[in-house]
Amino acid sequence: MENLTIKYATAADSELIAEMSRQTFYETFVSFNSKENMDKFMNEQFTKEILMAEVTAPNNTFFLAMEGQEALGYVRMREYNNPPELNGINAIEIARIYAVTNAIGKGIGKTLIQECIRVALAKKKEAIWLGVWENNQRAIEFYTRWGFQKFATHVFMLGEDPQTDWLMKKILI
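In this numbering scheme, every chain counts its residues from 1 along its sequence in written order. Totals for whole chains, interfaces and linings use all residues, but because this is a predicted model, local features are given only for residues with pLDDT of at least 70 and pairs of side-chain atoms are given and counted only at 80 or more. Think of the side-chain values as coming from all heavy atoms in the structure, minus any hydrogens and water.

### Quick word on the pattern of salt bridges
The salt bridge definition used is simple: a Lys or Arg side-chain nitrogen within 4 Å of an Asp or Glu carboxyl oxygen. For the coordinates displayed, the defined rule picks out 12 salt bridges. Between Glu54 and Arg96 there is a salt bridge, with the nearest N and O atoms lying 2.9 Å from each other. Here Arg96 lies in strand E4 (residues 91-99) and Glu54 lies in helix H3 (residues 48-56), a separation of 42 residues in the sequence. Note on accessibility: Glu54 and Arg96 belong to one class, buried. Through salt bridges with shared partners, a single ionic network connects Glu15, Glu19 and Lys48. Where helices and strands are cited, they refer to DSSP runs of H or I of at least four residues and of E of at least two residues respectively, numbered from the N terminus. A simple rule labels every residue: compare its accessible area, found with a 1.4 Å probe on the protein chains alone, to the largest value its type can have, and call it buried under 20%, exposed over 50%, or partly exposed in between.

See below:
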């Protein structure tokens, strides 16, 4: 998409980000999970209010991928909560990177990951890391193409269902 731009998200964008988060997460994972677990997660851990509060929370940075006035995706980066398996290196997390369903495969992820790397380097981070569900092969292949490597796993609770996420990192310096 040649008209794609990146915009730093502010509190004014929080409702848009929350709605995009909920819709994208649901569309991506509903077919892999029970209705009960999806409902529990969406209604307890992934509420509109919780997601909106993240946008202005300390140590969180959000960027929107825009085509004109239309938001096609976003990324959430955060600078805390690094896993012990990183052995104390100065790292930043890509906590969430989403593209709306009809924009997947159109360069949104590429543009957002490039922005994440730019931000991490500007902040003089040694690494950038993320968690990805072990069964999300498309995402794992995308991150691998960008130089991320698995370094650990952790459990992500989706409702009552413990799921395994791969933790992947890219060394920057």
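That shown, we press on.
### Some thoughts on the nonpolar core
Think of a nonpolar core as a cluster: buried Ala, Val, Leu, Ile, Met, Phe, Trp, Tyr and Cys residues, connected wherever their side-chain atoms sit within 4.5 Å. With 49 residues, the main nonpolar core has Phe25, Ile94, Ile128 and Tyr143 as its most contacted residues. At seven residues, the largest contribution of residues to this core is made by helix H4 (residues 108-122). Membership of the second largest hydrophobic core comes to seven residues, among which are Leu86, Trp129, Phe151 and Leu167.

### Topic: unusual backbone geometry
Of note, the phi angle at Asn81 is positive, near 70°, even though the residue is not glycine. Among the secondary structure elements, Asn81 is positioned in the loop between strand E3 (70-78) and E4. The exposure class of Asn81 is exposed, given its relative accessible area of 52%. Of note, Asn87 is a non-glycine position whose phi angle comes to about 55°, a positive value. Relative to the assigned elements, Asn87 resides in the loop between E3 and E4.

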